[in-house]
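Structural description and commentary
In case you want the letters, here they are:
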Amino acid sequence: SSGEYEGRIIAPSFNMDGKVNFFVGRTYENNWKKYTNPSVNKDIIFNELYVDWDHDIVLVEGVFDAIKVPNSIPILGSTLREDSKLFKSIIKHDPAVYVALDPDADSKAMKLIQNLMKYDVEVYKVPIRPYKDIGEMSSDEFLRRKASSELFKDTDSILLSQLMSI
């Protein structure tokens with residue numbers, strides 16, 4: 001109720017051992033600074049304890065998107081480096097991956113899809129438009145959109161690389 005995180009919702013992340021490894025502090029007031037996070041390494045798998053690698057996963061931008069979407073992992077932004085713990089875990093476990101980033105990050109989503117395809121990951125892009133983000137739609141609407149997502153193929157990768165170079 002006071003201090004650095006006053007007026008914020010704290011969303012913790014738990015590693016595989018059930019220990020807090022990160023948290024996000026998001027304002028619920030009209031604070032100019034939307035997020036206040038700890039200054040620690042963010043190379044984690046947010047809420048790794050709850051990820052079921054035996055089923056498809058959904059990559060979303062933030063923790064509030066992840067609350068709405070089953071078996072999702074927030075990437076805490078709109079990019080995912082190939083040398084990150086999450087990217088390496090995706091390659092290791094090889095689940096189908098649904099990319100569900102906000103429409104304003106479409107070019108970053110395409111880059112992420114292209115990078116995953118280099119490792120033969122089965123990848124889909126969930127259409128979010130006309131919504132600004134997952135938080136604006138119902139869970140049922142998201143699941144409908146996820147179910148209708150199409151698999152990206154090698155030929156799509158060639159087209160993607162050409163589009164990315166424009």
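Residues numbered from 1 in each chain as written. Predicted model: local features only at pLDDT ≥ 70, side-chain atom pairs only at ≥ 80, totals over all residues. Heavy atoms only, no water.

1. Observations concerning the packing of aromatic side chains
Under the definition given, this model contains four aromatic pairs. Between phenylalanine 14 and tyrosine 50 the ring centres are 6.3 Å apart and the planes differ by 85°, which places this aromatic pair in the edge-to-face class. Linking phenylalanine 14 in strand 1 (residues 8–14) with tyrosine 50 in the loop between strand 2 (20–27) and strand 3 (57–60), this pair joins segments that are 36 residues apart in sequence. Residue placement shows lysine 146 over the ring face of tyrosine 98; its charged tip is 4.8 Å from the ring centre. (Phe/Tyr/Trp six-rings, centres within 6.5 Å; stacked < 30°, edge-to-face > 60°. Helix = DSSP H or I, 4+ residues; strand = E, 2+ residues; numbered from the N terminus. Lys NZ or Arg CZ within 6 Å of the ring centre and 35° of its normal.)

2. What about the side chain of serine 89?
Relative to the assigned elements, serine 89 resides in helix 2 (residues 85–93). Taking relative accessible area as the criterion, serine 89 reaches 11% and is therefore assigned buried. Ignoring sequence-local partners within four residues, the contact set of serine 89 consists of Ile45, Trp53 and Asp94. (Buried < 20%, exposed > 50% of the residue type's maximum accessible area, 1.4 Å probe, protein only. Contact = heavy atoms within 4.5 Å.)

3. Structural notes on the sheet that holds strand 3
Spatial ordering of the open sheet is given by 4-3-5-6, a layout of four strands whose pairing is parallel. Each edge of the sheet is formed by a strand with only one pairing partner; in this case those strands are strand 4 (72–74) and strand 6 (123–125). When the angles between neighbouring strand axes are averaged without regard to direction, this sheet yields 25°. With three bridges connecting them, strand 3 and strand 4 associate as parallel partners. Along strand 4, the bridge assignment pairs leucine 59 with isoleucine 73. (Pairing = 2+ DSSP bridges. Axes fitted to C-alpha atoms, helices over the stretch in contact; angles between N-to-C directions.)

4. Here we look at the layout of surface pockets
When its volume is computed, the largest pocket comes out at roughly 360 Å³. Around the largest pocket sit 16 residues that line it, and Arg26, Lys34, Tyr35, Glu61 and Gly62 are the ones nearest its centre. Where the lining of the largest pocket is concerned, the elements lending two or more residues are strand 2 and helix 1 (63–68). By residue number, the principal contributor to the lining of the largest pocket is helix 1, which donates three residues. Among the residues making up the lining of the largest pocket, the classes are represented as five nonpolar, four polar and seven charged. (1 Å grid on protein atoms, 1.4 Å probe; cavity = no way out; pocket = protein on both sides within 12 Å on 5 of 7 lines; lining within 4 Å. Points joined across faces, edges and corners; volume = space filled by probe spheres on them. Nonpolar A, V, L, I, M, F, W, Y, C, P; charged D, E, K, R; others polar.)

5. Observations regarding a negative patch on the surface
A surface patch of negative charge is lined by Asp94, Asp120, Glu122 and Asp154. Overall, aspartate 94 belongs to the partly exposed group, its relative accessible area being 49%. (Patch = residues over 30% accessible without salt bridge, like charges linked within 9 Å, V, L, I, M, F, W, Y side chains within 5 Å. Areas by Shrake-Rupley, 256 points an atom, 1.4 Å probe, with all protein chains shown as cover. Salt bridge = Lys/Arg side-chain N within 4 Å of Asp/Glu carboxyl O. Lys, Arg positive; Asp, Glu negative; His and termini not counted. Charge placed at Lys NZ, Arg CZ, Asp CG, Glu CD.)

6. Considerations on the pattern of salt bridges
Within this structure, the stated rule accounts for eight salt bridges. Ionic pairing is found between glutamate 48 and lysine 85, a salt bridge with its closest N-O pair at 3.5 Å. Of this pair, glutamate 48 sits in the loop between strand 2 and strand 3 while lysine 85 sits in helix 2, and the two are 37 residues apart along the sequence. On the basis of relative accessible area, glutamate 48 is assigned to the buried category, the value being 10%. Glutamate 82 is paired through a salt bridge with lysine 118; the nearest N and O atoms lie 3.1 Å apart. Of this pair, glutamate 82 sits in the loop between strand 4 and helix 2 while lysine 118 sits in the loop between helix 3 (106–117) and strand 6, and the two are 36 residues apart along the sequence. With relative accessibility at 28%, the residue glutamate 82 sits in the partly exposed group.

7. Brief notes about the nonpolar core
One recurring pattern in soluble globular proteins: nonpolar side chains tend to sit buried together. Formed by 23 residues in total, the largest nonpolar core has its most connected members in Leu59, Leu86, Ile90, Val97, Val99 and Leu116. Of all the secondary-structure elements, those providing two or more residues to this core are strand 3, helix 2, strand 5 (97–99) and helix 3. Examining the composition of this core, we find that five residues originate from one element, helix 3, more than from any other. Counting residues in hydrophobic clusters, the runner-up holds 13 residues, among them Val58, Val60, Tyr124 and Ile128. (Core = buried A, V, L, I, M, F, W, Y, C linked by side-chain atoms within 4.5 Å.)

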